[in-house]
Amino acid sequence: MGLKKLIRMIVDSTSDLTKKECMSMGLEVLPLTIHFEGETYLDGIDLTPAEFYEKMRNAQTLPTTSQVNPGQFEQAFKPHIDNGDDILVITISSKLSATMQSAMIAAQTVCPERIHLVDSLSASFGEALLIRQAVKLRDTGKYTAAEIAKAITELVPRLRLYAVVDTLKYIKMGGRLSGSAAFIGGVLGITPIIEVIDGLVESIGKVRGEKAGMRALQQYIEKSGLDEAYGIGFGNADDSAKMERYIEFLEPSLGGAEIFTGDLGSVIGAHIGPGVVGCAYIGK
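Residues numbered from 1 in each chain as written. Predicted model: local features only at pLDDT ≥ 70, side-chain atom pairs only at ≥ 80, totals over all residues. Heavy atoms only, no water.

A. Region of interest: the pattern of salt bridges. According to the stated counting rule, one finds ten salt bridges in the structure shown. The residue Arg-114 makes a salt bridge to Asp-86 at a minimum N-O spacing of 3.2 Å. In this pair, Arg-114 sits in the loop between helix 4 (99-110) and strand 7 (115-119) while Asp-86 sits in strand 6 (residues 86-91), placing the two residues 28 residues apart along the sequence. With respect to burial, Arg-114 and Asp-86 carry one shared label: buried. (Salt bridge = Lys/Arg side-chain N within 4 Å of Asp/Glu carboxyl O. Helix = DSSP H or I, 4+ residues; strand = E, 2+ residues; numbered from the N terminus. Buried < 20%, exposed > 50% of the residue type's maximum accessible area, 1.4 Å probe, protein only.)

B. Molecular detail of the sheet that holds strand 11 (residues 232-236). Strand order in this open sheet of six strands is 10-9-8-13-11-12, and the pairing throughout is mixed. Across the chains shown, the open sheet's two edge strands, defined by having one partner strand only, are strand 10 (200-208) and strand 12 (259-263). Sheet twist, expressed as the mean angle between neighbouring strand axes with direction ignored, is 20 degrees. Bridge analysis of strand 8 (residues 159-164) against strand 9 (residues 190-197) gives three bridges, and the strand direction is antiparallel. By the bridge assignment, Ala-163 is partnered in strand 9 with Ile-194. (Pairing = 2+ DSSP bridges. Axes fitted to C-alpha atoms, helices over the stretch in contact; angles between N-to-C directions.)

C. Region of the structure containing the environment of Val-110. Secondary-structure assignment places Val-110 in helix 4. Placed 107 residues apart in sequence, Val-110 and Leu-217 show a C-alpha to C-alpha distance of 43 Å. Other than its neighbours up to four places away in sequence, Val-110 contacts Glu-74, Phe-77, Lys-78, Ile-81 and Ile-115. (Contact = heavy atoms within 4.5 Å.)

D. Here's a closer look at a nonpolar patch on the surface. Residues Leu-96, Leu-200 and Val-201 make up a contiguous nonpolar surface patch of roughly 220 Å² in combined accessible area. Positionally, Leu-200 belongs in strand 10. (Patch = residues over 30% accessible without salt bridge, like charges linked within 9 Å, V, L, I, M, F, W, Y side chains within 5 Å. Areas by Shrake-Rupley, 256 points an atom, 1.4 Å probe, with all protein chains shown as cover.)

E. Geometry of the sheet that holds strand 6. Taken in spatial order, the four strands of this open sheet run 2-1-6-7, and their pairing is parallel. Of all strands in the sheet, those bounded by a partner on one side alone are strand 2 (27-30) and strand 7. Averaged over all neighbouring strand pairs, the angle between strand axes comes to 25 degrees, with direction disregarded. As paired strands, strand 6 and strand 7 are joined by five bridges and run parallel to one another. Note on strand 7: the bridge partner recorded for Thr-91 is Asp-119. Contacts between helix 3 (residues 70-82) and the sheet are confined to strand 1 (7-12), strand 2, strand 6 and strand 7, with strand 6 contributing the most and set at about 150 degrees to the helix.

F. Just the nonpolar core, in detail. The biggest cluster of nonpolar side chains holds 42 residues, and the ones touching the most others in it are Ile-10, Phe-52, Phe-73, Phe-77 and Val-89. Sorting the residues of this core by element identifies strand 3 (33-36), helix 2 (49-57), helix 3, strand 6, helix 4, strand 8, strand 9 and helix 11 (266-272) as the ones contributing at least two each. In this structure Phe-52 touches Ile-34, Phe-36, Leu-47, Pro-63, Ser-266, Gly-269 and Ala-270, once residues within four positions along its chain are discounted. By size, the runner-up hydrophobic cluster in this structure holds 26 residues, among which are Ile-7, Met-9, Ile-148 and Leu-159. (Core = buried A, V, L, I, M, F, W, Y, C linked by side-chain atoms within 4.5 Å.)

G. Inspection of the environment of Lys-206 at higher detail. Here Lys-206 is to be found in strand 10. Along the primary structure Lys-206 and Val-165 are separated by 41 residues, whereas in three dimensions their C-alpha atoms are 9.4 Å apart. Excluding anything up to four places from it in sequence, Lys-206 contacts Ile-190, Thr-191 and Pro-192.

H. Main features of unusual backbone geometry. Even without being glycine, Ser-124 reaches a positive phi, approximately 50 degrees. Topologically, Ser-124 is positioned in helix 5 (residues 124-140). If you check the backbone angles, Asp-238 has positive phi at about 60 degrees while not being a glycine. Relative to the assigned elements, Asp-238 resides in the loop between strand 11 and helix 10 (240-250).

I. A look at the packing of aromatic side chains. Tallied over the entire structure, the rule returns five aromatic pairs. Considering the side-chain rings of Phe-73 and Phe-77, the 5.6 Å spacing of their centres and the 40 degrees angle between planes classify their relative orientation as tilted. Pair noted here: Phe-73 and Phe-77 are both in helix 3, with a separation of four residues, about one helical turn. Taken together, the ring pairs connect Phe-36, Phe-52 and Tyr-53 into an aromatic cluster. Just above the ring of Phe-36 sits the side chain of Lys-55; from NZ or CZ to the centre is 5.3 Å. (Phe/Tyr/Trp six-rings, centres within 6.5 Å; stacked < 30°, edge-to-face > 60°. Lys NZ or Arg CZ within 6 Å of the ring centre and 35° of its normal.)

J. Summary view of helix 9 (residues 210-224). Helix length check: helix 9, at 15 residues, gives a terminal C-alpha distance of 22 Å against a target of 21 Å (1.5 Å per residue), a fit within 8%. Within helix 9, the full set of buried residues consists of Ala-212, Gly-213, Met-214, Ala-216, Leu-217, Ile-221 and Ser-224. Each element contacted by the buried residues of helix 9 is listed here: strand 8, strand 9, strand 10, strand 11, helix 10 and strand 13 (277-282). Immediately beyond the C-terminal end of helix 9, within one or two residues, lies Gly-225, with a positive phi of roughly 80 degrees. (Expected span 1.5 Å × (residues − 1).)

Bear in mind that shape data such as this cannot, by itself, settle questions of function.
In structure tokens:
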């Protein structure tokens, strides 16, 4: 009888899971690249979130990011395929990065029938929630990589990710907002609420003040319903104290769901800046 086939899980760095979490879950992480004021950094390797946000606060120009390229995926795939193992890949939304496209190109080159791809149509703590579920299924030992990929892909339309953005400055710097709108927002203390809808970041409302942000997230959770079986992920961009206040406020609405917390890394932070708090969960 031959050895049982292993399922190797490969994710990209935008899931914002810590090195310790990735090791405990047996994940291989491929980093995206950040280009910042003439320097190039590998996400999560050359630059910690704290260092990144410190630089970000003083930045005159926004950092840019680039995807994991097909060559990096090929390099990661080949040893596992040679060992006879199957591969499951979960990436950031294909509408936010070309990382999934790179994975598809590499899979076609290496061994398409044994490499199974999941487009999270999300990022950061949303992507991480799907990864945790995939790990849970893998660890039962009852499912093939193809079955896990199918199960996770079926969860994607139910994944909700909401975030309250602290300042409009970075969205404005990225050309996503008019100067006057950013100025008015700053003066009135109005900040937008964003949601990842079908893989894209959309502005869905504006609030004034932290308590209003908390109440807005509570309403979204109550409206869609939270499937407690999958837990809920909270993320923050360099403001863990604010995240804890949100968790304390929202906890009575969570029905005992397991709570995961994390920091938004450099790639997502490059587009929305520091001070963001958000949550991701599987809707009913």
